[in-house]
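Chains, contacts and geometry: an overview
Chain by chain, the residues:
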Amino acid sequence: MRDADVHICECGPRDGLQNLAVFVPTEAKCALIDAIAAAGVKEVDAGSFVPPRVVPQFADVEAVTAHSLGRRDIVTGALVPNARGAERAIAAGVQAIYFVISASETHNLANVRRSVSEQLDGFRAVRAAIDASGRAARPHLMGAVATAFGCSLEGRVAEAAVRRLAIAFAESGADEIGLADTVGYGNPALIKTLVEAVRSDVGPAMPLRLHLHDTLGLGLANAYAGLEAGIRRFDAAVSGLGGCPFAPGARGNVVTEDLVFMLEELGMHTGIDLNRLMATREILARQIPAEHLTGHLHEAGIPKSLWRAA
Ligand code: ZN
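Now for a quick tour of the structure. (Residues numbered from 1 in each chain as written. Predicted model: local features only at pLDDT ≥ 70, side-chain atom pairs only at ≥ 80, totals over all residues. Heavy atoms only, no water.)

**Structural notes on the overall build of the protein**
Quick note on the threshold: Secondary structure elements are defined from DSSP: runs of H or I of at least 4 residues count as helices, runs of E of at least 2 residues count as strands, and each element is numbered from the N terminus. Between the two quantities, the radius of gyration covers C-alpha atoms and the globule rule is 2.2 Å times the number of residues to the power 0.38. Relative accessible area decides the class of each residue, using a 1.4 Å probe on protein chains only: under 20% of the type maximum gives buried, over 50% gives exposed, and in between gives partly exposed. Under the convention used here, a 1.4 Å probe and the Shrake-Rupley method define accessible areas, while residue burial counts only the protein chains that appear. In this tally Asp and Glu are treated as negative and Lys and Arg as positive; neither His nor the chain ends contributes. For charged residues, the charge sits on one atom: NZ in Lys, CZ in Arg, CG in Asp, CD in Glu.
Scanning the protein from terminus to terminus reveals 12 helices and 8 strands. Taken against the 2.2 N^0.38 rule, which gives 19 Å for 310 residues, the C-alpha radius of gyration of the protein at 18 Å falls within 12% of a compact globule. Its C-alpha atoms give the protein principal-axis dimensions of roughly 50 × 40 × 40 Å. Per-residue burial for the protein yields a buried fraction of 54% across its 310 residues. Split by element, the accessible area of the protein, about 12700 Å² in all, is 54% carbon and sulfur. For the protein, the separation between the mean place of its 29 positive charges and that of its 35 negative charges on side chains is 3 Å.

**Observations concerning the coordination of the zinc ion**
Short version of the rule: Excluding water, the donors of a metal are its N, O and S neighbours within 2.8 Å, or within 3.2 Å for Na, K and Ca, and that exclusion means sites may look incomplete.
Distances from the zinc ion to its protein donors, Asp15 (OD), His211 (NE2) and His213 (NE2), fall at 1.9 to 2.1 Å. Look at where the donors of the zinc ion fall in the sequence and you get D-x195-H-x1-H. In terms of burial, histidine 211 and histidine 213 fall into one category: buried.

**Side note on the packing of helix H3 (residues 83–92) against helix H5 (residues 116–132)**
What counts here: An axis is simply a line fitted to the C-alpha atoms; with a helix, the fit covers only the stretch in contact. Between two such axes, the angle follows the N-to-C directions and lies from 0 to 180 degrees. We call two directions roughly parallel when the angle between them is under 35 degrees, roughly antiparallel when it is over 145, roughly perpendicular when it lies between 65 and 115, and oblique otherwise. Crossing chirality is assigned from the near helix's rotation relative to the far helix, an anticlockwise turn below a right angle marking it left-handed and a clockwise turn marking it right-handed. Contacts are residue-level and defined by heavy atoms, with any inter-residue pair within 4.5 Å sufficient. Under the grouping applied here, Gly and all other residues not named as nonpolar or charged are polar, the nonpolar ones being Ala, Val, Leu, Ile, Met, Phe, Trp, Tyr, Cys and Pro and the charged ones Asp, Glu, Lys and Arg.
Where H3 meets H5, the axes come as close as 9 Å, and the angle between the chain directions of the two elements is 25 degrees. The orientation of H3 with respect to H5, classified from their angle, is roughly parallel. Considering the relative orientation of H3 and H5, their crossing is right-handed. Between H3, through Ala83, Ala86 and Ile90, and H5, the contact on the second element is made entirely by Ala125, Val126, Ala129 and Ile130. Residue classes in the contact of H3 with H5 are distributed as 7 nonpolar, no polar and no charged.

**Quick notes on the sheet that holds strand E8 (residues 233–236)**
The line we're drawing: The criterion for strand pairing is that DSSP finds at least two bridges linking the strands in question.
The sheet built from 8 strands closes into a barrel, its strands ordered E1-E2-E3-E4-E5-E6-E7-E8 with parallel pairing. The average undirected angle you get between the axes of adjacent strands in this sheet is 25 degrees. Sitting on the sheet, helix H2 (residues 61–69) is in contact with strand E2 (43–48) and strand E3 (75–80), with an inclination near 165 degrees to E2. Across the sheet, H5 lies against strand E4 (96–102) and strand E5 (140–146), angled at about 165 degrees from E4, the strand it touches most.

**Focus: the environment of serine 102**
Within the fold, serine 102 resides in strand E4. Since its relative accessible area comes to 1%, serine 102 is described here as buried. Put simply, serine 102 and methionine 278 are 176 residues apart on the chain and 32 Å apart in space, counted from C-alpha to C-alpha. Serine 102 has contacts with His107, Asn108, Val116, Ala146, Thr147 and Leu165, leaving out every residue within four places of it along the chain.

**Observations concerning the nonpolar core**
The criterion, for reference: Residue types Ala, Val, Leu, Ile, Met, Phe, Trp, Tyr and Cys, when buried and joined through side-chain atoms within 4.5 Å, form a set referred to as a nonpolar core.
Membership of the largest hydrophobic core comes to 89 residues, with the highest contact counts inside it found for Ile97, Val162, Leu179, Leu210 and Phe234. In terms of residues, this core owes the most to one element, helix H1 (residues 26–38), which gives 6 residues. Once residues within four sequence positions are removed from consideration, leucine 179 is found in contact with Val145, Ala148, Phe149, Val162, Val195, Val198, Arg209, Leu210 and His211.

**Brief notes about a nonpolar patch on the surface**
Stated formally: Only residues whose relative accessible area exceeds 30% and that take part in no salt bridge are eligible for patches, with like-charged residues grouped when within 9 Å of each other and nonpolar side chains (Val, Leu, Ile, Met, Phe, Trp, Tyr) grouped when within 5 Å. Here a salt bridge means any side-chain nitrogen of Lys or Arg lying within 4 Å of a carboxyl oxygen belonging to Asp or Glu.
Taken together, Tyr185, Leu216 and Leu218 make up a surface patch of nonpolar side chains, about 260 Å² in accessible area. By the element assignment, leucine 218 lies in the loop between strand E7 (208–211) and helix H8 (219–228).

**Quick word on H5**
Filter applied, for reference: Each residue after the first adds 1.5 Å to the expected span of a helix. Directions are taken from the helix axis to each C-beta atom, and the arc is the one they span.
Its 17 residues place the ends of H5 24 Å apart at the C-alpha level, agreeing with the 24 Å of an ideal helix rising 1.5 Å per residue. Val116, Gln119, Leu120, Gly122, Phe123, Val126, Arg127 and Ile130 are the residues of H5 that are buried. Down the axis of H5, the buried set is contained in an arc of 155 degrees. They therefore lie on one face. Buried residues along H5 sit against H3, E4, helix H4 (105–112), E5 and helix H6 (159–171). The first or second residue beyond H5 is glycine 134, which carries a positive phi of 70 degrees.

**Quick look at helix H7 (residues 188–202)**
The α-helix advances 3.6 residues per turn, and as a result positions three or four apart in sequence lie on the same side. For clarity, the threshold we go by: We call two N or O atoms a polar contact when they sit within 3.5 Å, provided that within protein one can donate a hydrogen and the other can accept it, with sequence-adjacent residues counted only if both atoms are side-chain atoms.
With 15 residues, H7 should cover 21 Å at 1.5 Å per step; its first-to-last C-alpha distance of 21 Å lies within 8% of that length. On the buried face of H7, the contacting elements are H6, strand E6 (176–180), E7 and H8. Among the residues of H7, the N-terminal cap falls to asparagine 187, whose side-chain oxygen and the backbone nitrogen of alanine 189 are separated by 3.0 Å. Glycine 203 sits one or two positions beyond H7 and adopts a positive phi of about 90 degrees.

**Remarks on the pairing of E4**
Selection criterion: Looking down the strands as they point away from you, a crossover is right-handed if its path from the first strand over the helix to the second goes clockwise.
Burial analysis of E4 places 6 of its 7 residues in the buried class, which makes it a mostly covered element. Bridge count for E3 against E4 is 4 bridges, and the pairing is parallel. In the strand pairing of E4, leucine 79 is matched with tyrosine 98. Between E3 and its parallel partner E4, the chain crosses via H3, and the hand of that crossover is right-handed. In the sheet, E4 pairs with E5 via 7 bridges, with the strands oriented parallel. In the strand pairing of E5, phenylalanine 99 is matched with glycine 143.

Structure follows, in structure tokens:
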């Protein structure tokens, strides 16, 4: 089987559900992960190890990750906000841990009530906990820079703040660095500049991932700019799940289906069966109000005359 040219992590089950008012039943979350894996996606961000009183949606994160881990065909990841969350994630056996720190000091305080430097201490504690866990296959640890391309509270975020944080992640033992356009204020020029700057800071051996939102309609343009800057690892959410809590009704993450279509049209192999990926819509439509479900391919259909199955 041909290796994929581009790696996509499906973050719908986590980013897509975290701000949703309705609780999606555990069985539906598991069915969604099964459908994502069946379509050929190789990594899923399955939930967040936060206290249930903070985000009730993830009260069942242990059950959902256990289900996902039962599959051999997908890497099961989860977000953790602190060392306590990491302990739970390690105990659950997740294979990838995503630790998020905002480049915007204001956003970080609002999000986790800690300063950037306190959060970095937390990241180092997570690194230490993973190293001390004694597991044969240690979970992959990604340090993600949130609000890297703009912040709903601070507006533009200084390039230096993003670069400092990326360097700190690298020096603190990150296996991968993510750059997240958390609120979707990025533009293609900014993506290209910042990816190239961070790449030169952390060196070519460090995997870099882009996490994009389509709030202002620039999600795919930004993904293309990332590709041009050498990015081959992306987060995306089926049906564009994941609205911004500060902009009700705004579009969410870049749509996995549309991203896969674009990449394949560009001649890049994703290993994902688009028709099967589109079938995830049925699972979502039974649980989630229609206004949260977007995507150009879902609106237009896959053009039969254009598309040959991968
Ligand atoms: Zn996001």
